[in-house]
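Examining the three-dimensional arrangement
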Amino acid sequence: MRRSAIRLPPGWTIIGGTCDGGSMGRMARGQGIYNVVVIGAGTAGLVTAAGTAGLGGRVALVERQRMGGDCLNYGCVPSKALIRSARVAALMRQASRYALEAADAPVDYGRVMRRVKALRAKIEPHDSVERFEGLGVDVFLGDAALESPREVRIGGTVLRTRHVALTTGGRAALPPVPGLEQAGYLTNETIFEREEPPGRLLVMGGGPIGCELAQAMARLGARVTLVDRGLQLLHREDPDVADLLRVRMEQDGVTTLLKSEVLEIVPGRGGPHLARVRRDGVPLNVEADTILVAAGRKPNIESLGLEKAGVAWTPRGVTVNDYLETSQPNIYAAGDVCGPYQFTHLAEYQARIVVRNILLAPLHGLGRARADYRVVPWTTFTDPEVARVGLNQRDAAKAGIAPDVHQFPYSDLDRAILDGEEEGFVRVITARGRGAILGATIVGAGAGEMIHELALAMQRRVDLSRLSSLIHVYPTLSQAVQRAADAYMRSRLTPTARRIFGWLYGRRGESA
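Presented here is a report on the structure given in the accompanying data block. Note that this is a predicted model, so its numbers are computed, not measured.

Overview of the overall build of the protein chain
Each helix and strand counted, the protein chain has 16 helices and 23 strands in total. Scaling as 2.2 N^0.38, a compact globule of 512 residues should have a C-alpha radius of gyration of about 24 Å, and the protein chain matches this with 26 Å. With respect to the three principal axes, the spread of C-alpha positions in the protein chain is 85 × 70 × 45 Å. With 512 residues in all, the protein chain has 51% of them scored as buried. Residue pairs at least 24 apart in sequence account for 64% of intrachain contacts in the protein chain once pairs closer than 6 positions are excluded. Entry remark: accessible area of the protein chain is about 24100 Å², with carbon and sulfur atoms responsible for 52%. Taking the 64 positively charged and 54 negatively charged side chains of the protein chain as two groups, their mean positions are separated by 4 Å.

Considering the packing of aromatic side chains
The geometry of an aromatic ring pair is captured by the separation of the ring centres together with the interplanar angle, meaning the angle of the planes. If you walk through the whole model with that rule in mind, you get three aromatic pairs. Ring geometry for Tyr 341 and Phe 343: centres 5.9 Å apart, planes at 10°, overall stacked. By relative accessible area, which is 22% here, Tyr 341 ends up partly exposed. Their ring planes at 25° and their centres at 5.5 Å tell us that Phe 343 and Trp 378 sit as a pair that is stacked. Residue Phe 343 is located in the loop between strand 18 (331–333) and helix 10 (344–359), and its partner Trp 378 is located in strand 19 (residues 378–380); the two are separated by 35 residues in the primary sequence. Accessibility assignment for this pair places Phe 343 and Trp 378 in one class, buried. For Arg 58, the ring lying beneath its charged end belongs to Tyr 34, and the centroid distance is 4.0 Å. Taking NZ or CZ as reference, Arg 131 lies 5.7 Å from the ring centre of Phe 132, over its face.

Let's talk about the sheet that holds strand 13 (residues 282–288)
Taking strand neighbours across the sheet as the criterion, the three strands line up as 11-12-13 in an open arrangement whose pairing is antiparallel. Two strands lie at the open edges of the sheet, namely strand 11 (260–266) and strand 13, each paired on one side alone. Strand-to-strand twist of the sheet, defined as the mean angle between neighbouring strand axes without regard to direction, takes the value 30°. In the sheet, strand 12 (residues 273–279) pairs with strand 13 via seven bridges, with the strands oriented antiparallel. Paired with Leu 274 across the bridge in strand 13 is Glu 287.

Re the sheet that holds strand 19
Here five strands make up an open sheet; going across it, the order is 19-20-23-22-21 and the pairing antiparallel. Each having just a single partner strand, strand 19 and strand 21 (404–409) make up the two edges of the open sheet. Neighbouring strand axes in the sheet, compared pairwise and without regard to direction, differ in orientation by 10° on average. Where strand 19 lies against strand 20 (residues 385–390), three bridges are found, and the strand directions are antiparallel. Within strand 20, the residue paired with Thr 380 across the bridge is Val 386.

With respect to empty space enclosed by the protein
This model, assessed by the stated rule, comprises one cavity of 30 Å³ or more. The volume enclosed by the largest cavity comes to roughly 40 Å³. For the largest cavity, the full set of lining residues is Tyr 109, Leu 186, Ile 191, Arg 194, Glu 196, Pro 198, Met 217 and Thr 290. Residues of the lining of the largest cavity, tallied by class, amount to five nonpolar, one polar and two charged.

Things to note about the nonpolar core
Membership of the largest hydrophobic core comes to 36 residues, with the highest contact counts inside it found for Leu 82, Met 217, Val 224 and Met 249. Counting residues per element, this core draws most heavily on helix 7 (residues 208–219), which supplies six residues. Apart from residues lying up to four places away in sequence, Met 217 is in contact with Leu 82, Tyr 109, Ile 191, Pro 198, Leu 201, Ala 222 and Val 224.

Notes on the side chain of Glu 421
With respect to the helices, strands and loops of the structure, Glu 421 is situated in the loop between helix 12 (414–419) and strand 22 (425–430). A polar contact is formed between the side chain of Glu 421 and the side chain of Arg 87, at a distance of 2.4 Å. The residues contacting Glu 421, other than those within four sequence positions of it, are Arg 87, Tyr 98, Tyr 410, Ala 416 and Ala 445.

So, helix 1 (residues 43–54)
Relative to the 16 Å expected for twelve residues at 1.5 Å per residue, helix 1 spans 16 Å between its end C-alpha atoms, a close match to the ideal helical length. Across the twelve residues of helix 1, twelve count as buried, placing the element largely inside the fold. Thr 43, Ala 44, Gly 45, Leu 46, Val 47, Thr 48, Ala 49, Ala 50, Gly 51, Thr 52, Ala 53 and Gly 54 are the residues of helix 1 that are buried. Immediately downstream of helix 1, the backbone of Gly 56 shows phi near 100°, a positive value.

Comments concerning the pattern of salt bridges
Applying the stated criterion to the full structure yields 35 salt bridges. Across the pair Glu 423 and Arg 248 runs a salt bridge whose closest N-O atoms are separated by 2.5 Å. Linking Glu 423 in the loop between helix 12 and strand 22 with Arg 248 in helix 8 (residues 239–251), this pair joins segments that are 175 residues apart in sequence. Residue Glu 423 is classed as partly exposed on the basis of its relative accessible area, which comes to 26%.

Here we look at the packing of helix 1 against helix 10
Relative orientation of the contacting elements helix 1 and helix 10 amounts to 30°, with a least axis distance of 8 Å. When you trace helix 1 past helix 10, the crossing you get is right-handed. Counting all contacts with helix 1, which are made through Thr 43, Ala 44, Val 47, Thr 48, Gly 51 and Thr 52, the residues of helix 10 involved are Thr 344, Ala 347, Glu 348, Ala 351, Arg 352, Val 354 and Val 355. Class assignment of the residues belonging to the contact of helix 1 with helix 10 gives a composition of six nonpolar, five polar and two charged.

Section: the layout of surface pockets
One number sums up the size of the second largest pocket: a volume of about 310 Å³. Around the second largest pocket, the lining comprises 15 residues; the ones closest to its centre are Met 92, Pro 106, Val 107, Asp 108 and Val 112. Elements with a minimum of two residues in the lining of the second largest pocket: helix 3 (76–93) and helix 4 (109–123). Of the residues belonging to the lining of the second largest pocket, the class tally is nine nonpolar, one polar and five charged.

Considerations on unusual backbone geometry
Cis geometry is adopted by the peptide bond preceding Pro 340, which originates at Gly 339 and carries an omega value of 5°. Structurally, Pro 340 can be placed in the loop between strand 18 and helix 10. Tyr 474 connects to Pro 475 through a cis peptide bond whose omega is -10°. Along the polypeptide, Pro 475 turns up in the loop between helix 14 (464–469) and helix 15 (479–491). The phi torsion at Lys 259 lies on the positive side, around 50°, for a residue other than glycine. Inspection of the secondary structure puts Lys 259 in the loop between strand 10 (255–257) and strand 11. For Lys 259, a relative accessible area of 39% puts it in the partly exposed group. The backbone of Leu 324 sits at a positive phi, close to 65°, despite the residue not being glycine.

Parameters and conventions
- Residues numbered from 1 in each chain as written.
- Predicted model: local features only at pLDDT ≥ 70, side-chain atom pairs only at ≥ 80, totals over all residues.
- Heavy atoms only, no water.
- Helix = DSSP H or I, 4+ residues; strand = E, 2+ residues; numbered from the N terminus.
- Rg over C-alpha atoms; globule rule 2.2 N^0.38 Å.
- Buried < 20%, exposed > 50% of the residue type's maximum accessible area, 1.4 Å probe, protein only.
- Contact = heavy atoms within 4.5 Å.
- Areas by Shrake-Rupley, 256 points an atom, 1.4 Å probe, with all protein chains shown as cover.
- Lys, Arg positive; Asp, Glu negative; His and termini not counted.
- Charge placed at Lys NZ, Arg CZ, Asp CG, Glu CD.
- Phe/Tyr/Trp six-rings, centres within 6.5 Å; stacked < 30°, edge-to-face > 60°.
- Lys NZ or Arg CZ within 6 Å of the ring centre and 35° of its normal.
- Pairing = 2+ DSSP bridges.
- Axes fitted to C-alpha atoms, helices over the stretch in contact; angles between N-to-C directions.
- 1 Å grid on protein atoms, 1.4 Å probe; cavity = no way out; pocket = protein on both sides within 12 Å on 5 of 7 lines; lining within 4 Å.
- Points joined across faces, edges and corners; volume = space filled by probe spheres on them.
- Nonpolar A, V, L, I, M, F, W, Y, C, P; charged D, E, K, R; others polar.
- Core = buried A, V, L, I, M, F, W, Y, C linked by side-chain atoms within 4.5 Å.
- Polar contact = N/O pair within 3.5 Å; in protein donor to acceptor, adjacent residues only side chain to side chain.
- Expected span 1.5 Å × (residues − 1).
- Salt bridge = Lys/Arg side-chain N within 4 Å of Asp/Glu carboxyl O.
- Left-handed = near helix turned anticlockwise from the far one by under 90°.

That's the geometry; what it means functionally is another story.
This is how it looks when you write it as structure tokens:
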């Protein structure tokens, strides 16, 4: 097993037995009553289906497109494979930094994309129909719609069920730009299928997807222009974090147009498309051979029959409570279709809650789990990586919190110096005058791995004094977390404490 998104939770195994009126082995496919019908076979759906089946439940899983959903087919898996190739290409050009001969060989873009597809295909069996049928799940391929709170229609088949899990995910939102449809565009769902180099690439959107792909494509030879309406890239991050990333991306060849919007696309006829852009009120034209739309996401809620089943929703997704129940208590939702964050790891977290709450439903709420979003780490896999958990400085200011900020730069970290990765820092936000961690941001190499130490500390309410005293291996990047904790410990050394320590040292001198 290589991907946690489809693992059974620790300690769970596939078991036999009877469930809802008959042996799972003898029950005809589609007949009888299921414990849960899962609509959507992305991360949330796969974990819900595998977890419920592993606990002995009878499960039907419905998917209308491709097993594995966004993560496997259009998101995390192919994008990280592409980013790795782009990173190696950049390192080859920068080899002189490591006392080696630089190599600026042309990139065979088609070869890179074939590697991306091959790696995706290597992982694909973990999410396949065959694997899940082997786990005891009845898999149906087709469009699903709710007929009632306890009935799901797939074509001419109606499945009866005690519970439903809506895990249909999301997709790229298309901005209403005249000429965009006529010119043709790519999204994260189509860009990994194309083996032709993008040439002059226009990226619409400066969020995580836009930044990751813009930088990767530039490193692979594309001439990239990124347009975003905001004052900065990565709107959720602190301004100095976004600015550090912007500078690095521009060094990689990405032209960033902030406070800008695409007003119109004039389709090219045998030549490049022309994007009419307004930048801070000033018009300009951008030529593009390829257009990538990365301007936000929207939930897949159309044609689900939500109204017929009495399930409440908004344009932002299906409405759920802390238990991930919808307005129909036997219908749950998890993943991008309900938010509040659109991350694969959060979809898995929510799915585990759904599995538990469906299992314990006969106990009328006893032992049910609530979703807790206080500690949700995430990473943007640019170079440098940007990782977050909890509050940053901007969030704290909006909440009216005046925190203490403890920071340590990569440029003072031995391992970062040795690796030539001196750009970045660890920043920890704590309650004023105390070491209780409210949030952290890490910018730099390995940030996505290092953030988990701080996330665990937040979850277990371990303050910075404990992280300062924890032995960290030397030389590692994770020592930057310890050094930030050391900065907190130094902040506790008040003038009064210094006088007391000075007196103690003086007393020792006198006694000698």
